Amino acid sequence: CTTPNQYLITPSEGLDFLDIAGYQNVLHGGVSQPLTGLVVGQQYSFTADLGVSNNPSCVPAATCGGPISVLVTIGSVSQTLTHNAAGTGVQWATYGFTFVADSATPTLTVTGSFLPAGGAFIGVDNLTLVDAAPPDADSDGVPDEADNCLWRANPDQLDRGGIGASSAPDGV
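The following paragraphs examine the structure supplied in this document. A quick note: this is a predicted structure, and the numbers were derived from the prediction, not measured.

### Thoughts on the environment of Val 124
Item 1. Checked against the element boundaries, Val 124 lands in strand S8 (residues 123-131).
Item 2. Val 124 gets classed as buried once you look at its relative accessible area, which sits at 3%.
Item 3. With 12 residues separating them along the chain, Val 124 and Gly 112 place their C-alpha atoms 9.6 Å apart.

Here's what the structure looks like:
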């Protein structure tokens, strides 16, 4: 169920968004969603768009608009995301973090943690959770933890010089 956008706020992607403050300068809690299918020990990347309205007619200007903050909790991992928009009007930006899953079925919770007195809303939009690729310094498709040469791409990991598979690749 969605409420008509009576304040004519443009969401970051143009459709709907969640307003944790209810356009009333009050934190209304947040939202929770159970997640499934995560792999324990796998690294994931979470991103979300945060939005705030910086009203040019708000007095005093120091109390209007950002910064705003939300607390994102995924299982036992928590991270505060803060959006400190400059300028006037509705301002959106993308924030995120990476984490290692400690449960296959954690709960994702997003709650408002700071809204200035003159702030109109805490907008949250485009929440995404994706597998985070392991580090690969030389971009050869072999994760650093398994790569026998971190500073030169060698996707086959072969030891062409006969000096040992864990030694530097040939030509170094």
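Text resumes after the structure shown.
### Re the side chain of Thr 73
Item 1. Its place among the elements puts Thr 73 in strand S4 (residues 68-74).
Item 2. For Thr 73, the side chain forms a polar contact with the side chain of Ser 78, separated by 3.0 Å.
Item 3. The residues contacting Thr 73, other than those within four sequence positions of it, are Ser 78, Thr 107, Leu 108 and Thr 109.

### Remarks on the nonpolar core
Inside soluble globular proteins, nonpolar side chains tend to come together where they are buried.
Item 1. Grouped together as the largest cluster of nonpolar side chains are 20 residues, with contacts concentrated most on Phe 46, Val 70, Val 72, Ile 74 and Phe 99.
Item 2. Broken down by secondary-structure element, the contributors of at least two residues to this core are strand S3 (43-54), S4, strand S6 (89-100) and strand S7 (107-114).
Item 3. Take this core: its biggest share by element is five residues, from S3.

### Considering the packing of aromatic side chains
The geometry of an aromatic ring pair is captured by the separation of the ring centres together with the interplanar angle, meaning the angle of the planes.
Item 1. Enumeration according to the criterion identifies three aromatic pairs in this entry.
Item 2. With centroids separated by 5.5 Å and ring planes inclined at 45°, the aromatic side chains of Phe 46 and Phe 97 adopt a geometry described as tilted. Here Phe 97 lies in strand S6 and Phe 46 lies in strand S3, a separation of 51 residues in the sequence. Note on accessibility: Phe 46 and Phe 97 belong to one class, buried.

What counts and what doesn't
- Residues numbered from 1 in each chain as written.
- Predicted model: local features only at pLDDT ≥ 70, side-chain atom pairs only at ≥ 80, totals over all residues.
- Heavy atoms only, no water.
- Helix = DSSP H or I, 4+ residues; strand = E, 2+ residues; numbered from the N terminus.
- Buried < 20%, exposed > 50% of the residue type's maximum accessible area, 1.4 Å probe, protein only.
- Polar contact = N/O pair within 3.5 Å; in protein donor to acceptor, adjacent residues only side chain to side chain.
- Contact = heavy atoms within 4.5 Å.
- Core = buried A, V, L, I, M, F, W, Y, C linked by side-chain atoms within 4.5 Å.
- Phe/Tyr/Trp six-rings, centres within 6.5 Å; stacked < 30°, edge-to-face > 60°.

By themselves, these observations are geometric and do not establish any function.
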